Amino acid sequence: MATRFDPFQEMDRLMNQVLGQQRASATMPMDLFRSGDHYVLSVDLPGADPGSIDVNVDDRTLTIRAQRTARTEDGVQWLAKERPVGTYARQLTVGRGLDLDAITASYADGVLSLTIPVAEEAKPRRIEVTTGGTPATIEAGADAAPQERASA
């Protein structure tokens, strides 16, 4: 029986194993949505040590870091070791209009959840306008043009 040997296939497999782990340890999948007057950011950090999670804000940059340490045990023969280890890090530039001093964070079931409130000055509000002696109300909305309603 003849076998076919491809030296590049083995090299490719080894490179993917090494680089794949480095790439996987650096990724941090996230979801971001707005709910009312706050944003919710959920970041997957499976197996991260809770004490290693660091969230900080510098100017308009939100940085999230976490560490996942390798399991080391004496007398163990590994049959497969595919789970990435190392430091997870992600930086996001956040826009104006958020209350960065009031961010809250919680970590449960491998998910870090941040709640970022909208600043008071960025929330939509109603402004009473008087035109020609007749008061009118202009309602400001996030995605709608101002509308004028005359009151009698």
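Please refer to the structure higher up on the page.
Below is a summary of the structure that appears in this document. Sequence order as written defines the numbering, with residues in each chain counted from 1. The model is predicted, so local features are restricted to residues of pLDDT at least 70 and side-chain atom pairs to those at 80 or more, both for listing and for counting; the totals for chains, interfaces and linings are taken over all residues. With hydrogens and water set aside, each side-chain value is computed from the structure's full complement of heavy atoms.

Let's shift gears to the overall build of the chain. Looking only at helices and strands, the chain has one helix and 10 strands in total. Secondary structure of the chain in N-to-C order comes out as α-β-β-β-β-β-β-β-β-β-β. Each residue is assigned to one of three classes by its accessible area relative to the maximum for its type, calculated with a 1.4 Å probe on protein chains only: buried under 20%, partly exposed between the two thresholds, exposed over 50%. Within the chain, the proportion of its 152 residues that are buried is 21%. The Shrake-Rupley method, run with a 1.4 Å probe, gives the accessible areas here. Residue values count only the displayed protein chains as cover. Of the roughly 11400 Å² of accessible surface on the chain, 51% is carried by carbon and sulfur atoms. Strands are runs of DSSP state E lasting at least two residues, helices are runs of H or I lasting at least four, and both sets are numbered from the N terminus onward.

Side-chain atoms within 4.5 Å link the members of a nonpolar core, which is a set of buried Ala, Val, Leu, Ile, Met, Phe, Trp, Tyr and Cys residues. Ranked by size, the top nonpolar core spans 18 residues in total, and within it L41, V43, L45, L62, I64 and L112 carry the most contacts. Broken down by secondary-structure element, the contributors of at least two residues to this core are β2 (38-44), β4 (61-68), β5 (86-93) and β7 (111-117). When near neighbours in sequence (up to four residues on either side) are disregarded, L62 contacts L41, V55, N56, V57, R90, Q91, L92, V94, I103, L114 and I116. Contact definition: two residues touch when any of their heavy atoms are within 4.5 Å.

Let us look at the environment of D99. Relative to the helices and strands, D99 resides in the loop between β5 and β6 (104-108). The class for D99 is partly exposed, based on a relative accessible area of 30%. For the pair D99 and E120, spaced 21 residues apart in the sequence, the C-alpha separation amounts to 8.0 Å. Contact partners of D99, with chain neighbours within four places excluded, come to P117, V118 and A119.

When DSSP locates at least two bridges between a pair of strands, those strands are taken to pair. Strand order in the open sheet formed by three strands is β3-β4-β5, with antiparallel pairing between adjacent strands. Strands at the two margins of the open sheet, each flanked by one partner only, are β3 (54-58) and β5. Ignoring strand direction, the axes of neighbouring strands in this sheet form an average angle of 15°. With five bridges connecting them, β3 and β4 associate as antiparallel partners. Note on β4: the bridge partner recorded for V55 is I64. Angles run from 0 to 180 degrees between N-to-C directions of axes, and those axes are lines fitted to C-alpha atoms, restricted for helices to the stretch in contact.

The subject of this paragraph is the packing of aromatic side chains. Stacked, tilted and edge-to-face pairs are distinguished by plane angle, under 30 degrees for stacked and over 60 for edge-to-face with tilted covering the rest, among Phe, Tyr and Trp rings (Trp via its six-membered ring) whose centres lie within 6.5 Å. Counted by the stated rule, this structure contains zero aromatic pairs. Sitting over a ring, as applied to charges here, requires NZ of Lys or CZ of Arg to be within 6 Å of the ring centre and within 35 degrees of the ring normal. Taking the ring centre of W78 as reference, the NZ or CZ of K81 above it sits at 4.8 Å.

The strand order β1-β2-β7-β6 describes an open sheet built from four strands, whose pairing is antiparallel. Edge strands, defined here as strands with exactly one partner in the open sheet, are β1 (30-35) and β6. Averaged over neighbouring strand pairs, the angle between their axes works out to 15° when direction is ignored. The sheet contact formed by β2 and β7 spans seven bridges and is antiparallel. Across the sheet, Y39 pairs through a bridge with I116, a residue of β7.

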